[in-house]
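Topology and contacts: notes
Now for the letters of each chain:
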Amino acid sequence: AAITENQFAGGYLQINDATGEGNQYLIQSNSAVALSGTSITITLAEPIRVALTSSSEFTLVSNPGWKVVETTTLKPPVGVAPIPVTASYFFWNQTGGIAPVLTHGTPGAGYKVDQSKEIAGAIKAYATLTLIDVGYMIETGVDTEYKPVMLTLDR
């Protein structure tokens, strides 16, 4: 698949096998690649700690905030946008602290909350079906209203 310029910026280069395995490096930037199998230039934010060999295997990991969308499909939550965001725009993504979050259902104060599978961008009482801990309610939730949630995604 094609890779856009800086698609992996803020993500990681992980060495997963052979020489250097277990090391992880923050990616500062990357070149664009039109087709798979073509060379890519990766600029790291720090020097390589262990000299890699041709047998070293690696994985490129995107920044979790790359191309985020509101969805009811279970994906790892990455935060809450404090304002509506137009597609393809940058935004500040809150991952910790108290935030007003769209509530699905009426989770009680102190209850853990996770991603709603029915309402995109909403949270609901923690359920055994999703198990994606977003945080906990500060007050009792009110269905379809924004209520204070202590986000714990940065832990």
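Residues numbered from 1 in each chain as written. Predicted model: local features only at pLDDT ≥ 70, side-chain atom pairs only at ≥ 80, totals over all residues. Heavy atoms only, no water.

**Here we look at the overall build of the protein**
- From N to C terminus, the protein includes zero helices and nine strands.
- Ordering the α and β elements of the protein from the N terminus gives β-β-β-β-β-β-β-β-β.
- A globule of 155 residues ought to have a C-alpha radius of gyration of about 15 Å, yet the protein, at 19 Å, is considerably larger.
- Considered along the principal axes of its C-alpha atoms, the protein spans approximately 55 × 30 × 25 Å.
- With 155 residues in all, the protein has 28% of them scored as buried.
- Of the roughly 9600 Å² of accessible surface on the protein, a fraction of 56% belongs to carbon and sulfur atoms.
- One way to put it: in the protein the 8 positive side-chain charges average out to a point 4 Å from where the 13 negative ones average out. (Helix = DSSP H or I, 4+ residues; strand = E, 2+ residues; numbered from the N terminus. Rg over C-alpha atoms; globule rule 2.2 N^0.38 Å. Buried < 20%, exposed > 50% of the residue type's maximum accessible area, 1.4 Å probe, protein only. Areas by Shrake-Rupley, 256 points an atom, 1.4 Å probe, with all protein chains shown as cover. Lys, Arg positive; Asp, Glu negative; His and termini not counted. Charge placed at Lys NZ, Arg CZ, Asp CG, Glu CD.)

**A few points about the packing of aromatic side chains**
- According to the stated counting rule, one finds zero aromatic pairs in the structure shown.
- Here Lys112 stacks its cationic end above the ring of Tyr126, 5.1 Å away from the centre of that ring. (Phe/Tyr/Trp six-rings, centres within 6.5 Å; stacked < 30°, edge-to-face > 60°. Lys NZ or Arg CZ within 6 Å of the ring centre and 35° of its normal.)

**Examining the sheet that holds strand β2 (residues 24–30)**
- Taken in spatial order, the four strands make up an open sheet running β3-β2-β1-β4, and their pairing is antiparallel. Sheet topology places β3 (42–44) and β4 (57–61) at the edges, where each strand pairs with a single neighbour. The average undirected angle you get between the axes of adjacent strands in this sheet is 45°.
- The pairing of β2 with β3 spans three bridges and is classified as antiparallel. Each bridged residue has a counterpart across the sheet, and for Asn30 the counterpart in β3 is Ile42. (Pairing = 2+ DSSP bridges. Axes fitted to C-alpha atoms, helices over the stretch in contact; angles between N-to-C directions.)

**Regarding the nonpolar core**
- Counting nine residues, the largest nonpolar core is built from Val80, Ala99, Val101, Val113, Ile123, Val134, Met137, Val149 and Leu151.
- Contributions of two or more residues to this core are made by β5 (96–102), β8 (133–137) and β9 (146–152).
- Apart from the residues within four sequence positions on either side, Val80 is in contact with Trp92, Asn93, Gln94, Pro100, Val101 and Leu151. (Core = buried A, V, L, I, M, F, W, Y, C linked by side-chain atoms within 4.5 Å. Contact = heavy atoms within 4.5 Å.)

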